[in-house]
Amino acid sequence: MKIPQLPVAPPRLAMRLEGPEGKTRGFWSYVQHGERLELHHGKVGTDGKRESRTFASAEAAGAFARKRVAARVAKGFWSSDLVFESSTWEQVKDSVQVPGRSGEDDDRVLILTGDVVVPHELWLDFRRGIFALEDPDASPFIGLIVRGNLTVEGCVFNGENDFGPFLQVDGNLFATSIAMGGSRLRVAGDVMTGDFVAVYNHGSVCVGGDLVARTIASDYALQVEGAVDAYRYQGQGSKVFAVSAGVEDAQDPHDVKGVFVPAVVSDERVQLAKARTLLVAGKPISRPEFTSIRAAFRQLVSKKMAEPDKVKSLTLEAKGLTSLPEELFLFRRLEKLNLRRNELRTLPEALGQLTELRELDVSLNGLLALPESLGALKKLRVLNLEYNCLWRLPDSLAECVELRTVNLVNNPYAYVRRAFGGWSRVQLMWDFPEVLTRLPKLEGVTFDGTPLRHLPTRRFDSTSLRSVTVRHSLVTEVDPDLHSQLTVSVEHSAERASDNIGYWFRPENVRLETIHDAKSDRYDFTEIIAMLGLLLRINIPTAAPYDRSLEKFRKGSADIARELDWDGSHPQRVRALFTALRDALGPLGEPYPGNALIAGLRGVFAVHADG
């Protein structure tokens, strides 16, 4: 995908700014003649003071002028070409389409009419930039409405995470860059910009048309009704994906360090707040050219590929891989392969070609399945499957006759819904994989945090077995004769079962955009009902008498209700959700007639369904 490029506005050779200076209004202007600047500043209505400064070059003169403009704009100055109107919230509130925006009737809103060009940064913070006030005791302006197209020859900037004046553009928005926090942005038409950063807290970005950007870096979802063209990073340590005409290229991800400059990258994450600060300073946050993980892999192994049979160990940790590069299977003599911290959901059958493997680490991927070709790895001794979403092991694993150690801790891991692509697709490992009992040289197996309900029905064949540990499972019964080779903790099974409610039944997993279609105003609770079904299956009968489970559901319900209607203006969302959950207890409860958890949940959900 070609990196989207924003047309660059030529440097301005002259500009006049006006703004508050104490209790008066001041002005500041410059005119550039090559390497010379003519500066003029003072109080509006006076002759002011003039000075001339000569620099080493025209570029240096222009840089000085831009720096001075930015400093003045930050203090509340703006281009004298901008003609603002001021209206009360009561006069304009019916035309404001910014989600969640409200105000007092006498609050003030700034208005610009027609196609507007702002030749500098546009601040969206109270008492900063155009929202600065001559009277510090006056009520602040709560927003800006542009009745036309808006072009900003600088950064649209909001530095406060919790709040800020809203910006509504009734036409299209063009900006050098955009860096948002708690302010709310609504553009009726298209948005075209360079780098676009949105720092989490209470802000929102809504675009009625298309969004074209060089990069998008955000830890909350931007609402775009049209198509997106950008390299997009969605926070929390994710990778960067090219999005073209709204379609994400999931097969060719980018490391954040392959897209963003080192100054904003730490621990494989984009430091969004720092990126926002650099943008308003006019500094780049993205690289001139982007390098995908596959391209980086080819660069990494380009020398090794000349003699692949000499490569015995290879590390591809934290590369954002969603599939394995074909070049990997040229290294037929590999003995150790590290694939930790990627986004692999399956492994290809070609894995069986690496017949010299002794150690395979695929932890922290979200793997759903292992290939049958795993049995071809006859020399495999160590298999690390920690932090995945495996719900079964292939029968061919019994052919790994040298296998000593298997780590199955935390299957499933925290991002189970994301790994499966939805709650309705989630499958869990309820039964101990009996293929492990047939490994002739097995020495140790560890399960911890896996919802095993049933232990193996046969003894282990291995005479070298030292430890088989099962912790934090759902197992409640152990046969002392059959399971004498296992160390099984059953005393925390009920606690583990109820803990899953706290992990899953929470606001992060019940966001409004996942249950409600704003265009049709229709709800779809299929996924959350599927999650509820999984939680019931985990907790019944393990967590009886259910006091702790009900308390977890009660707290989760209150948190979800509060998030769906945080300002008290949408109680219908809460009623719709909890009515659907209460009604779903009928079919979900059929396998458990007379169960106390089902009965108790009806009361928990009724509080919010009827409230």
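What counts and how
- Residues numbered from 1 in each chain as written.
- Predicted model: local features only at pLDDT ≥ 70, side-chain atom pairs only at ≥ 80, totals over all residues.
- Heavy atoms only, no water.
- Helix = DSSP H or I, 4+ residues; strand = E, 2+ residues; numbered from the N terminus.
- Areas by Shrake-Rupley, 256 points an atom, 1.4 Å probe, with all protein chains shown as cover.
- Polar contact = N/O pair within 3.5 Å; in protein donor to acceptor, adjacent residues only side chain to side chain.
- Contact = heavy atoms within 4.5 Å.
- Pairing = 2+ DSSP bridges.
- Axes fitted to C-alpha atoms, helices over the stretch in contact; angles between N-to-C directions.
- Expected span 1.5 Å × (residues − 1).
- Buried < 20%, exposed > 50% of the residue type's maximum accessible area, 1.4 Å probe, protein only.
- Arc of directions from axis to C-beta.
- 1 Å grid on protein atoms, 1.4 Å probe; cavity = no way out; pocket = protein on both sides within 12 Å on 5 of 7 lines; lining within 4 Å.
- Points joined across faces, edges and corners; volume = space filled by probe spheres on them.
- Nonpolar A, V, L, I, M, F, W, Y, C, P; charged D, E, K, R; others polar.

Chemist: Before we move on, can you summarise the overall build of the protein chain with the specific residues and values?
Modeler: Each helix and strand in the protein chain was counted, giving eleven helices and 34 strands. Per element, the accessible surface of the protein chain, about 28000 Å² overall, is 48% carbon and sulfur.

Chemist: With reference to specific residues and values, describe the side chain of Ser 363.
Modeler: Turning to its location among the elements, Ser 363 is positioned in the loop between strand S27 (359-361) and strand S28 (382-384). In terms of polar contacts, Ser 363 uses its side chain to reach the side chain of Arg 340, at 2.8 Å. Those residues in contact with Ser 363 that sit more than four places away from it in its chain are Leu 339, Arg 340, Arg 341, Asn 384, Glu 386, Tyr 387 and Asn 388.

Chemist: A description of the sheet that holds strand S26 (residues 336-338) should follow, citing residues and the corresponding values.
Modeler: The strand order S25-S26-S27-S28-S29-S30-S31-S32 describes an open sheet built from eight strands, whose pairing is parallel. Every other strand in the sheet has two partners, leaving strand S25 (313-315) and strand S32 (486-488) as the edge strands with one partner each. Within this sheet the neighbouring strands show an average axis-to-axis angle of 5°, counted without direction. Direction of pairing for strand S31 (residues 467-471) relative to S32: parallel, over a ladder of three bridges. Within the sheet, the bridge partner assigned to Thr 469 lies in S32 and is Thr 487.

Chemist: Let's hear about helix H9 (residues 547-564): which residues, and what values?
Modeler: Taking 1.5 Å of rise per residue, the 18 residues of H9 would be expected to cover 26 Å, and the 26 Å separating its terminal C-alpha atoms lies within 8% of that figure. For H9, the full list of buried residues reads Ser 549, Leu 550, Phe 553, Gly 556, Ser 557, Ile 560, Ala 561 and Leu 564. Down the axis of H9, the buried set is contained in an arc of 135°. They therefore lie on one face. Along H9, exposed side chains directed more than 90 degrees from the buried face belong to Asp 547, Lys 555 and Arg 562. Against helix H6 (493-504), helix H7 (512-515), helix H8 (526-539), helix H10 (571-588) and helix H11 (596-609) lie the buried residues of H9.

Chemist: An account of empty space enclosed by the protein is requested, with residue identities and associated values reported.
Modeler: Considering all chains together, one arrives at one cavity of 30 Å³ or more under this definition. When its volume is computed, the largest cavity comes out at roughly 60 Å³. In terms of lining, the largest cavity is formed by Pro 412, Leu 428, Gly 449, Thr 450, Pro 451, His 472, Leu 474, Arg 496, Asn 500, Trp 504 and Ile 538. Ranked by residues supplied to the lining of the largest cavity, first place goes to H6 with three residues. When grouped by side-chain class, the residues that make up the lining of the largest cavity number six nonpolar, four polar and one charged.

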